[in-house]
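These are the residues of each chain, in order.
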Amino acid sequence: MNSKGLTLIEVICSFSVLMVASLLIVPLLTDIRSDQKALSEKRNAVSTLQNKLHEYTDSPIAARIENNIDGIKFTFEVQQDYIEGCASWEDRNNKTERLCLYAPP
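Only a predicted model underlies this, so the values are computations on that prediction, with no experimental measurement involved. (Residues numbered from 1 in each chain as written. Predicted model: local features only at pLDDT ≥ 70, side-chain atom pairs only at ≥ 80, totals over all residues. Heavy atoms only, no water.)

Quick notes on the environment of Arg-92
Here is the rule: Each helix corresponds to a stretch of at least 4 residues labelled H or I by DSSP, and each strand to a stretch of at least 2 residues labelled E; elements are numbered beginning at the N terminus. By definition in these notes, contact holds between two residues if any of their heavy atoms fall within 4.5 Å.
Relative to the elements of secondary structure, Arg-92 occurs in the loop between β3 (83–90) and β4 (96–103). A C-alpha to C-alpha distance of 9.1 Å links Arg-92 and Glu-41, two positions 51 residues apart in sequence. Beyond its immediate stretch of four places on either side in the chain, Arg-92 contacts Ser-34, Lys-37, Ala-38 and Glu-41.

Below, the structure written as structure tokens:
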């Protein structure tokens, strides 16, 4: 019998191992990509909130201001000792996220 080369059983086994590995990795990569997009949205909301809060600390504002920018609702409220700026939005999993930052008036 000639033992130079791969048998059909060896090829099928290696192909099945490759398929199992790819079936386990693809969903993980999809979840990682989805989480990456959600974090990008959050980073964008925080950055915009910080910029808007900085604008409102430089100039006097009314007691309450609400803005909607790119599906993100920004609310700024003047308290006694600080200005509260909050952002709320729906993430890719349809969960409502809310983040608040505070600054001196």
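What follows picks up the thread again.
Quick look at the side chain of Thr-75
Here Thr-75 shows up in strand β2 (residues 72–78). Beyond its immediate stretch of four places on either side in the chain, Thr-75 contacts Arg-64, Ile-65, Glu-66, Glu-84, Gly-85 and Cys-86.

A few points about the state of the cysteines
This is how the line gets drawn: Disulfides are defined as pairs of cysteine sulfur atoms found within 2.5 Å of each other. Only protein chains enter the accessibility calculation, which uses a 1.4 Å probe; a residue is then buried when its area is under 20% of its type maximum, exposed when over 50%, and partly exposed in between.
In total, this model carries one disulfide according to the counting rule given. The disulfide bridge from Cys-86 ends at Cys-100, spanning 2.1 Å between sulfur atoms. Its S-S torsion of approximately 105 degrees makes the covalent link between Cys-86 and Cys-100 right-handed. Residue Cys-86 is located in strand β3, and its partner Cys-100 is located in strand β4; the two are separated by 14 residues in the primary sequence. Residue class for Cys-100 comes out partly exposed when judged on its relative accessible area of 23%.

Description of helix α1 (residues 8–58)
Filter applied, for reference: Helices are assigned an expected span. That span is 1.5 Å times one less than the residue count.
Under the 1.5 Å per step criterion, the end-to-end length of α1 is 75 Å for 51 residues, consistent within 8% with the ideal 75 Å. Among all positions in α1, only Ala-45, Thr-48, Leu-49, Leu-53 and Tyr-56 are buried. Where α1 is buried, its residues touch β1 (64–69), β2, β3 and β4.

Looking at the sheet that holds β1
So the rule is basically this: Only strands that DSSP links by at least two bridges are regarded as paired with each other. Inter-axis angles, ranging from 0 to 180 degrees, are taken between N-to-C directions of lines fitted to C-alpha atoms, where helices are fitted over the stretch in contact.
If you walk across this open sheet you meet the four strands as β1-β2-β3-β4, and the pairing is antiparallel. On the outer flanks of this sheet lie β1 and β4, each paired with one strand and no other. Pairs of neighbouring strands in the sheet enclose a mean axial angle of 15 degrees, with direction left out of account. In this structure, β1 lies alongside β2, joined through six bridges in antiparallel fashion. Within the sheet, the bridge partner assigned to Asn-68 lies in β2 and is Lys-73.

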